[in-house]
Amino acid sequence: MQKRRLGKDGPEVSAIGLGCMGMSEFYGSGDEQESIATIHHALDRGVTFLDTADMYGPFKNEELVGRAIRDRRDEVFLATKFGNVRGEKGEFLGVRGDPEYVAQACDASLRRLGVDVIDLYYQHRVDVKVPIEETVGAMARLIEAGKVRFLGLSEAAPETIRRGHATHPITAVQTELSLWSRDAEAGVLPTVRELGIGYVAYSPLGRGFLTGQFKSPDDFPEDDFRKFHPRFTGENFAKNIQLVREVEAMAEEKGCTTAQLALAWVLAQGQDIVPIPGTKHVKYLDQNIGALDVQLTSEDLKRPDEILPPGAAAGERYHARGMETVNL
């Protein structure tokens, strides 16, 4: 497995990570046995960078990951997140970044994961009611206490990243990046590169849309949040599927799957970028790893830019409420 470094002075991780969110929620029902088998297969193949969060499930995803890695903790670079507050029934209760909550959330994650230390701890969403200096200061105290090794921010705006990094070094910033979500190229990526911070790309396959496996909105089960996602509904779906058809044609010419081409594009954006495609199936995990063997020339890279330049995808990347909590 190829390795990439998170930031100028950060840890080395597998060049592709595994996003575990869909194993517990949002993308239809999951099978725990198959999910754990997928995590084990990832570790066997050298994909050791696992990404979860307390809100996934809610809470269940950390427990699932904890069970999967119980006997293999030393093989894993483990990332989790706090800040999106969920109730026991799954209700969304807002965002918190106050120091008291940071400490409570970390202890709860450690307990659910069954580990002594979290390798990379992210603030999942920025709490605009709390200065970022206070939140990152509280996160830094977790490092001092031996509960966390490295700090991260998710969906933070460039100025927030700068202020947080000035409080305590930030190892990684995670935002959405794919052929149809390229907002990060304008501000976040230049900022983290200037500061020597690593970049983790979530949803690098456009929430599965860039795999080419979805032909109509009816392909999503009733309990899949994509059924109501702005980019997967109505006219937006029709417009976006035409863009995917063009990516499919290019993938066929390259002799790879559409998903592999989409992932190879993300990987080609820089050695400082680590994508974390999510899957709960072994076969798709193997396909994703195959993207590392797809070589894109400078000419190859021009074509996706023509097909899907920044802003080409129809619809916002979250519903209205979700968009209120990104890039803050």
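Residues numbered from 1 in each chain as written. Predicted model: local features only at pLDDT ≥ 70, side-chain atom pairs only at ≥ 80, totals over all residues. Heavy atoms only, no water.

1. As for the overall build of the protein chain
Inference 1: Looking only at helices and strands, the protein chain has 11 helices and 12 strands in total.
Inference 2: By the compact-globule yardstick of 20 Å for 328 residues, the protein chain fits well, its C-alpha radius of gyration being 19 Å.
Inference 3: Along the first, second and third principal axes, the C-alpha set of the protein chain runs to 55 × 40 × 40 Å.
Inference 4: Here the protein chain holds 328 residues, and 59% of them are scored as buried.
Inference 5: If you take every contact in the protein chain between residues at least 6 apart in sequence, the share linking residues at least 24 apart comes to 75%.
Inference 6: On the protein chain, roughly 13,600 Å² of surface is accessible, and the fraction owed to carbon and sulfur atoms is 49%.
Inference 7: Computed over 39 positive and 50 negative side-chain charges, the inter-centroid distance for the protein chain is 1 Å. (Helix = DSSP H or I, 4+ residues; strand = E, 2+ residues; numbered from the N terminus. Rg over C-alpha atoms; globule rule 2.2 N^0.38 Å. Buried < 20%, exposed > 50% of the residue type's maximum accessible area, 1.4 Å probe, protein only. Contact = heavy atoms within 4.5 Å. Areas by Shrake-Rupley, 256 points an atom, 1.4 Å probe, with all protein chains shown as cover. Lys, Arg positive; Asp, Glu negative; His and termini not counted. Charge placed at Lys NZ, Arg CZ, Asp CG, Glu CD.)

2. Section: the sheet that holds strand β10 (residues 172–176)
Pairing between the strands of a sheet comes from backbone hydrogen bonds, and it takes one of two forms, parallel or antiparallel.
Inference 1: Here we have 8 strands laid out as an open sheet, ordered β3-β4-β5-β8-β9-β10-β11-β12, and parallel in their pairing. Either end of the sheet is taken by a strand with one partner, and the two such strands are β3 (18–19) and β12 (273–275).
Inference 2: Pairing geometry for strand β4 (residues 49–51) and strand β5 (residues 77–82), over 3 bridges, is parallel. Each bridged residue has a counterpart across the sheet, and for F49 the counterpart in β5 is F77. (Pairing = 2+ DSSP bridges.)

3. Details of the environment of K147
Inference 1: Relative to the helices and strands, K147 is located in the loop between α4 (132–144) and β9 (148–154).
Inference 2: C-alpha of K147 to C-alpha of L110: the two residues are 37 residues apart in sequence and 8.0 Å apart in space.
Inference 3: Other than its neighbours up to four places away in sequence, K147 contacts C106, D107, L110, D116, V117, I118 and L142.

4. Regarding the pairing of β5
Inference 1: Of all 6 residues in β5, 6 are buried, a share of seventy percent or more.
Inference 2: On β5, burial covers both faces: F77, A79 and K81 on one face and L78, T80 and F82 on the other are all buried.
Inference 3: Between the parallel elements β4 and β5, the chain passes through helix α2 (residues 60–69) in a crossover that is right-handed.
Inference 4: Inspection of the sheet shows β5 paired to strand β8 (residues 118–123) by 4 bridges, in the parallel sense. Within the sheet, the bridge partner assigned to F82 lies in β8 and is Q123. (Right-handed = clockwise from strand over helix to strand, strands pointing away.)

5. Focus on the environment of A157
Inference 1: Along the chain, A157 falls in the loop between β9 and α5 (158–167).
Inference 2: Given the relative accessible area of 14%, A157 is considered buried.
Inference 3: With 18 residues separating them in the primary sequence, A157 and T175 have C-alpha atoms 9.8 Å apart.
Inference 4: Contact partners of A157, with chain neighbours within four places excluded, come to N327 and L328.

6. A look at the packing of aromatic side chains
Pairs of aromatic rings are described using the distance from one ring centre to the other and the angle between the two planes.
Inference 1: Scanning the model with the defined rule gives 7 aromatic pairs in all.
Inference 2: Ring centres of F49 and F77 lie 5.5 Å apart, and the angle between their planes is 70°; this geometry places the pair in the edge-to-face category. With F49 in strand β4 and F77 in strand β5, the pair connects residues that are 28 residues apart, well separated along the chain.
Inference 3: Exposure remark for F49: the relative accessible area of 0% places this residue in the buried category.
Inference 4: Of the residues examined, F77 reaches a relative accessible area of 7% and is grouped as buried.
Inference 5: An aromatic cluster of three or more residues is present, and its members are W180, F209, F232 and F237.
Inference 6: Across from the ring centre of F92, 4.0 Å away, lies the NZ or CZ of R86, which sits over that ring.
Inference 7: Between the NZ or CZ atom of R231 and the centre of the ring of W180, over which it lies, the distance is 5.0 Å. (Phe/Tyr/Trp six-rings, centres within 6.5 Å; stacked < 30°, edge-to-face > 60°. Lys NZ or Arg CZ within 6 Å of the ring centre and 35° of its normal.)

7. Observations regarding the pattern of salt bridges
Inference 1: This structure, assessed with the given rule, holds 25 salt bridges.
Inference 2: Across the salt bridge formed by D44 and R72, the nearest N and O atoms sit 2.8 Å from each other. Taken together, the positions of D44 in helix α1 (residues 32–44) and R72 in the loop between α2 and β5 put the pair 28 residues apart, joining distant regions of the chain. (Salt bridge = Lys/Arg side-chain N within 4 Å of Asp/Glu carboxyl O.)

8. Describing unusual backbone geometry
Inference 1: For the bond from G57 to P58, the omega torsion is -10°, close enough to zero to count as cis.
Inference 2: Here F59, not a glycine, exhibits a phi torsion of approximately 75°, which is positive.
Inference 3: The class for F59 is buried, based on a relative accessible area of 18%.
Inference 4: Positive phi values are uncommon outside glycine, yet R207 reaches one of about 55°.

9. Here we look at the packing of α4 against α5
Inference 1: Viewed as axis vectors pointing N to C, α4 and α5 meet at an angle of 40°, and their least axial separation amounts to 9 Å. In terms of orientation, α4 and α5 fall into the oblique class. In terms of crossing hand, the pair formed by α4 and α5 is right-handed. Here I132, E133, V136 and G137 of α4 come into contact with α5, specifically with T160, R163, G164 and T167.
Inference 2: Residue composition of the contact of α4 with α5, grouped by class: 2 nonpolar, 4 polar and 2 charged. (Axes fitted to C-alpha atoms, helices over the stretch in contact; angles between N-to-C directions. Parallel < 35°, antiparallel > 145°, perpendicular 65-115°, else oblique. Left-handed = near helix turned anticlockwise from the far one by under 90°. Nonpolar A, V, L, I, M, F, W, Y, C, P; charged D, E, K, R; others polar.)

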